[in-house]
Amino acid sequence: MITDLLSSTVLIGILASGIRLATPYLYAAIGETFGQKSGVLNLGVEGQMLLGSFAAFYVTFRTGNLWLGLLAAILVGALMGLAMAFVTVNLHAKQGISGIGFYLFGLGMSDLLFQKLMGTVETVRGFPRVSIPVVSGIPGIGDIFFNQNILVYGAYVLVPVAWFVLNKTTLGLKIRAVGENPDAADSLGVSVVRIRYFTIILGGMLSGIAGASLSIALLNVFQQNMTSGLGFIAVALVYFGGWRPFGVLVGALLFSFVNSLQLWIQVLGLPIPSDIAVMMPYVLTILVLVATASKIRSPSALTKPFEREG
Amino acid sequence: MKKIMSILTVLLALSLVLSACGSPAPAPAPVAEEATQAAPETSNEAEPEPAATVETFRVAVVMPSSINDLAFSQSMYDALVLIQTEMGGTDYFDFVYSDNMFVVDDAAAAIRDYASQGYDLIIAHGSQYGSSLQEIAPDFPETSFAWGTTVETFGQPNIFAYEAASHEGGYVNGVLAASLTQSGVVGVIGPIETGDAKLYVDGFVAGVKATDPNVTVNVNYIGSFSDVALAAEAANTHIAAGADVMAGTAQMVVGAIGVAKENGVLWVGTQSNQTSLAPDIVVANQVYRWDVVVKEIMDLIAGGTLGGKSFVITLENGGEVMEYNPGFNLPADVKTLADQTIQGLIDGSITITLP
């Protein structure tokens, strides 16, 4: 029985599923990483994803144009980010609570719009799978990595880009400075407000894309509360990844691979109760968090509103 | 220490927000019928009809997911709309609903609220609402409550219980799947291995095995009623494992139907008619007709019985109906076999052995 898991069909299936499942986490968690690196915790990711997901679906459904749908998701995410930035940066609201507020807003608003504008569950033709020439022909690896849709590729391209921006550019230096010591950054002429606006809006846009990756690329349907907690897992993955894009990638993949593994365990009829199987990704995440939590330091100014003194 | 305090504050406030935000603003019932209410006033003066005080039967329903989830909640919503139409509009049968009540505390608040507003019947459409109902019902002895899906009435004189023999339609769907598969592999996706979902999945497996023991049935529970993404990936897993016919139950299966559609894999549905989502690949649906139960309950209430009974919808009593997709080209012999199966389940010549 256990040897069934090692057949090539199953291994390819697990890895290809995992790659897809990790996609929305990557967009949302990388966006959240930028925000947290600058000292802002955004718990509204889930709400941004839901609204982005609906916007992408609705625009695509009406116009038939996937790119317009994606653009709509990015715009809606940016607007949500803008509102979040205003509330937390200008009004100095508690970040945790205002984030929850934005989550509830996104949950309710996407539901309301869905009821009023759609009324029933529909499907769209989403982004098709794109085979990358040459490499997609490699047995096994081609099926896993190079036979996915464009938003899946985008998520994996985003990781090194985010790493580069955060660690190798002046902008990244400013973001980290604002998240570690906003007073010092401010005294050196870095605009804390502007940087935080930038990271929160960027995070909103990426959350919007995360939502779109579900509604017009991976699932091609929209249903109320469709993200069902993905956005919160994305926030947890930022901690898991130690505020590093590649750490986030490892976390997202680990979680997703274990999730697709448990799907296969059930399909193959291995003697593990389904209740135990579905727990596996969560249990593993908690174990890794416990094992690593004490070793990684969070950005010092995380969740602290910045007020210029004097 | 300070950090811990702030986290605790956040959590506390979060729980407050979550419990407060759900306080039920009773959703307005469809307003389409409003025009009819104005009509009687224009009657001519010559012979004023005796003011026919029509007794409006008022129902409130609390549901865990949305009224258009193409599954569990929609099956109840559709039933109430049907009764309303049959009875002649909102003057005779009026209902309000609160949907997306996935937080049980919110649902409990809504149920209590509706009860104090004097509705004739309050339906708690979700087995998770049971303990709330057990607490609330004794406070409103004049109000009738109905709870599904279960058979438990807590011995309360004002609680009805209802459930579906979901394994019957599951069995028929299993027969269809086993007859239609060419790869010899079929897959079924469930939410959590309990209650209505488990019954349906077990029935499906039994139907497949009874038709062709050589067909492999792969079963997958994803651990969630709402995780559409995981349901889709479960469908991908079934397809990678060779399935060419799939089934699934609960509202998150829309994700799986989307995947089935994209891969040209056949689908048999349950709870509501899911044909509209993928007209090319949906073969048939088991549809819950809760109106059968609600009508019976209404009759009992009219006779003064407010609860204490439980109902099961079955193929036999018409509470479950198999609806074929007219757009799907079902081979005649398979259709005959399915119809014979339905008949056999109704007259008792076929019995389902559940694990």
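Residues numbered from 1 in each chain as written. Chains lettered and ligands numbered in written order. Predicted model: local features only at pLDDT ≥ 70, side-chain atom pairs only at ≥ 80, totals over all residues. Heavy atoms only, no water.

(A) Focus on the overall build of chain A. Within chain A, the regular secondary structure consists of 12 helices and two strands. Each helix (α) and strand (β) of chain A, taken in turn from the N terminus, gives the series α-α-α-α-β-α-β-α-α-α-α-α-α-α. Here the C-alpha radius of gyration of chain A, 20 Å, is about what a compact globule of 310 residues would show, namely 19 Å. Each principal axis of the C-alpha atoms in chain A carries an extent, and together these give about 70 × 50 × 40 Å. Residues counted as buried form 55% of the 310 residues belonging to chain A. Nonlocal contacts in chain A, meaning residues at least 24 apart in sequence, comprise 77% of its contacts between residues at least 6 apart. Split by element, the accessible area of chain A, about 12,600 Å² in all, is 70% carbon and sulfur. Averaging the positions of the 17 positive and the 12 negative side-chain charges in chain A gives two centres separated by 7 Å. (Helix = DSSP H or I, 4+ residues; strand = E, 2+ residues; numbered from the N terminus. Rg over C-alpha atoms; globule rule 2.2 N^0.38 Å. Buried < 20%, exposed > 50% of the residue type's maximum accessible area, 1.4 Å probe, protein only. Contact = heavy atoms within 4.5 Å. Areas by Shrake-Rupley, 256 points an atom, 1.4 Å probe, with all protein chains shown as cover. Lys, Arg positive; Asp, Glu negative; His and termini not counted. Charge placed at Lys NZ, Arg CZ, Asp CG, Glu CD.)

(B) Seen up close, the overall build of chain B. When you go through chain B residue by residue, the secondary structure sums to 11 helices and 12 strands. Per-residue burial for chain B yields a buried fraction of 54% across its 355 residues. A separation threshold of at least 6 residues defines the contact pool for chain B, and within that pool the share at least 24 residues apart is 68%. Element-wise, carbon and sulfur atoms account for 55% of the exposed surface of chain B, whose accessible area totals about 14,700 Å².

(C) Region of interest: the packing of aromatic side chains. Scanning the entire structure with this criterion turns up 20 aromatic pairs over all chains. Residues Tyr103 of chain A and Phe232 of chain A carry aromatic rings whose centres are separated by 5.0 Å and whose planes lie at 85 degrees to one another, so their mutual orientation is edge-to-face. Residue Tyr103 of chain A is located in helix 4 (residues 95-118), and its partner Phe232 of chain A is located in helix 10 (residues 230-240); the two are separated by 129 residues in the primary sequence. Measuring from ring centre to ring centre gives 5.9 Å for Phe160 of chain B and Phe311 of chain B, while their planes differ by 45 degrees; the resulting arrangement is tilted. (Phe/Tyr/Trp six-rings, centres within 6.5 Å; stacked < 30°, edge-to-face > 60°.)

(D) Up close: the side chain of Thr123 of chain A. On the secondary structure map, Thr123 of chain A appears in the loop between helix 4 and strand 1 (129-131). Looking at Thr123 of chain A, the relative accessible area reads 16%, which means it is buried. Among the polar contacts made by the side chain of Thr123 of chain A, one reaches the side chain of Lys261 of chain B at a distance of 2.5 Å. When sequence neighbours within four positions are dropped, the list of residues in contact with Thr123 of chain A reads Phe57, Phe61, Asn220 and Val221 of chain A together with Lys261 and Leu277 of chain B. (Polar contact = N/O pair within 3.5 Å; in protein donor to acceptor, adjacent residues only side chain to side chain.)

(E) Highlighting the packing of helix 10 of chain A against helix 12 (residues 274-292) of chain A. Residue and element names in this part refer to chain A. Where helix 10 contacts helix 12, the two axes come as close as 10 Å, and the packing angle between them is 35 degrees. Considering the relative orientation of helix 10 and helix 12, their crossing is left-handed. Residue-level inspection shows Ile233, Tyr239 and Phe240 of helix 10 in contact with helix 12, the latter providing Tyr282, Thr285, Val288 and Leu289. Across the contact of helix 10 with helix 12, the residue classes tally to six nonpolar, one polar and no charged. (Axes fitted to C-alpha atoms, helices over the stretch in contact; angles between N-to-C directions. Left-handed = near helix turned anticlockwise from the far one by under 90°. Nonpolar A, V, L, I, M, F, W, Y, C, P; charged D, E, K, R; others polar.)

(F) The pairing of strand 3 (residues 121-125) of chain B, seen in detail. Residue and element names in this part refer to chain B. Extensive coverage of strand 3 is indicated by the burial of five of its five residues. Burial along strand 3 is two-sided: the residues Leu121, Ile123 and His125 and Ile122 and Ala124 are all buried. Summarising the sheet, strand 1 (residues 57-62) and strand 3 pair through four bridges and their orientation is parallel. Bridge pairing in strand 3 links Val59 to Leu121. The sheet contact formed by strand 3 and strand 4 (residues 144-148) spans five bridges and is parallel. Paired with His125 across the two strands is Gly148, which belongs to strand 4. Between strand 3 and its parallel partner strand 4, the chain crosses via helix 5 (residues 130-136), and the hand of that crossover is right-handed. (Pairing = 2+ DSSP bridges. Right-handed = clockwise from strand over helix to strand, strands pointing away.)

(G) Local environment of helix 9 (residues 254-263) of chain B. Residue and element names in this part refer to chain B. Here helix 9 lies mainly inside the structure; seven of its 10 residues are buried. Of all the residues in helix 9, the buried ones are Val254, Gly255, Ala256, Ile257, Gly258, Val259 and Ala260. Positive backbone phi, at 65 degrees, marks Gly264, one or two positions downstream of helix 9.

(H) Looking closely at the interface of chain A and chain B. Counting residues at the interface gives 37 residues for chain A and 42 residues for chain B. A combined buried area of about 3,300 Å² lies between chain A and chain B, and 58% of that area is made up of carbon and sulfur atoms. Of all residues in chain A, Gln223, Leu263 and Val267 of chain A bury the most surface against chain B, accounting for 17% of the area lost on that side. Applying the counting rule to chain A against chain B returns one salt bridge. Between Arg20 of chain A and Glu233 of chain B there is a salt bridge, and its shortest N-O distance comes to 2.7 Å. Elements that contribute at least two residues to the side of chain A that touches chain B include exactly helix 1 (8-37), helix 4, helix 11 (245-267) and helix 12 of chain A. Broken down by element, the side of chain A that touches chain B gets its largest block of residues, eight residues, from helix 4 of chain A. In terms of residue class, the side of chain A that touches chain B is made up of 16 nonpolar, 17 polar and four charged. (Buried area = accessible area lost by both parts, 1.4 Å probe. Salt bridge = Lys/Arg side-chain N within 4 Å of Asp/Glu carboxyl O.)

(I) How the structure looks around the nonpolar core. In this structure, Tyr27, Ile30, Leu214, Ile216 and Leu219 of chain A together with Ile222 and Trp267 of chain B are the most contacted members of the largest nonpolar core, which totals 100 residues. When residues no more than four places from it in sequence are discounted, the contact partners of Ile30 of chain A are Tyr25, Leu158, Val159, Ala162, Leu206, Pro245 and Val248 of chain A. Tyr171, Leu176, Val268 and Leu330 of chain B belong to the second-largest nonpolar core, a separate cluster that totals 32 residues. (Core = buried A, V, L, I, M, F, W, Y, C linked by side-chain atoms within 4.5 Å.)

(J) Broad picture of the environment of Ile257 of chain B. Residue and element names in this part refer to chain B. Within the element layout of this structure, Ile257 appears in helix 9. Using a relative accessible area of 1% as the deciding quantity, one classes Ile257 as buried. If we ignore the near neighbours within four places in the chain, the residues touching Ile257 are Trp267, Gln274, Leu277, Ala278 and Ile281.

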